[in-house]
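Listed below, chain by chain, are the residues.
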Amino acid sequence: MSKPVVIPFETTLHVRDTCLCLHVQRAARALARKFDEALRPLDLTNGQFSLLMSLNRPEPPGMGPVAHLLAMDRTTLTAALKPLEKRGLLETMTDNKDRRLRRMKLTPAGHALLAKAVPIWTKTHADVDEALGDGAPDRLRTDLLALA
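Residues numbered from 1 in each chain as written. Predicted model: local features only at pLDDT ≥ 70, side-chain atom pairs only at ≥ 80, totals over all residues. Heavy atoms only, no water.

Q: Teacher, can you tell me more about the nonpolar core here?
A: One broad trend across soluble globular proteins is that nonpolar side chains are buried collectively. Among the nonpolar cores identified, the biggest contains 20 residues, and L44, L52, L77, L81 and L84 are the most heavily contacted of them. Elements represented by at least two residues in this core include exactly α3 (46-54), α4 (63-69), α5 (74-86), β2 (102-106) and α6 (108-132). Not counting residues within four places of it along the chain, the set of residues in contact with L77 comprises L51, M63, V66, A67, L70 and M72. (Core = buried A, V, L, I, M, F, W, Y, C linked by side-chain atoms within 4.5 Å. Buried < 20%, exposed > 50% of the residue type's maximum accessible area, 1.4 Å probe, protein only. Helix = DSSP H or I, 4+ residues; strand = E, 2+ residues; numbered from the N terminus. Contact = heavy atoms within 4.5 Å.)

Written out as structure tokens, the structure reads:
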């Protein structure tokens with residue numbers, strides 16, 4: 001019988017203090033909670049806001065471009081669409097030229113909800129930017145884009 005490998009507790013502390021993945025995950029969860037709380041009066045999550053915003057385009061986008069923008073696979077996107085479609089905020093349709101493709105567009109109710117959500121997002125985003133300090137938000141966005 002082999003002896004179990006024991007990782008020293010100092011290694012745990014080192015990972016806790018230096019792991020970029022852990023720090024980005026923690027920050028993402030904290031930001032998500034902040035935006036979820038701000039958007040709660042509209043019965044929206046930050047993810048739903050991002051999804052609705054991704055559909056705010058001159059022409060209805062296909063699933064691929066939206067999934068790519070939101071960094072999710074098509075199956076996850078399809079699942080995320082269902083509650084918003086059920087609420088009447090968006091509709092999916094087949095493409096006129098290629099019946100295999102699905103396109104999505106905001107309904108008038110979706111546009112109206114997004115119009116109410118944008119000022120909330122703007123205020124919350126300004127609060128986050130202010131908390132980070134001068135120049136930090138732009139640097140953070142640049143750094144995160146480099147990782148993505």
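Q: Just checking my understanding: could you explain the packing of α3 against α6 for this structure?
A: Axes are the key here: two packed helices are described by the angle between their axes and the distance separating the axes. Put simply, α3 and α6 touch, their axes get as near as 11 Å, and they point 120° apart. Taken together, the axis directions place α3 and α6 in an arrangement best described as oblique. As α3 packs across α6, the resulting crossing turns out to be left-handed. Listed contacts from α6 to F49, L52 and M53 of α3 are L113, L114, A117, V118 and W121. Residue classes in the contact of α3 with α6 are distributed as 8 nonpolar, no polar and no charged. (Axes fitted to C-alpha atoms, helices over the stretch in contact; angles between N-to-C directions. Parallel < 35°, antiparallel > 145°, perpendicular 65-115°, else oblique. Left-handed = near helix turned anticlockwise from the far one by under 90°. Nonpolar A, V, L, I, M, F, W, Y, C, P; charged D, E, K, R; others polar.)

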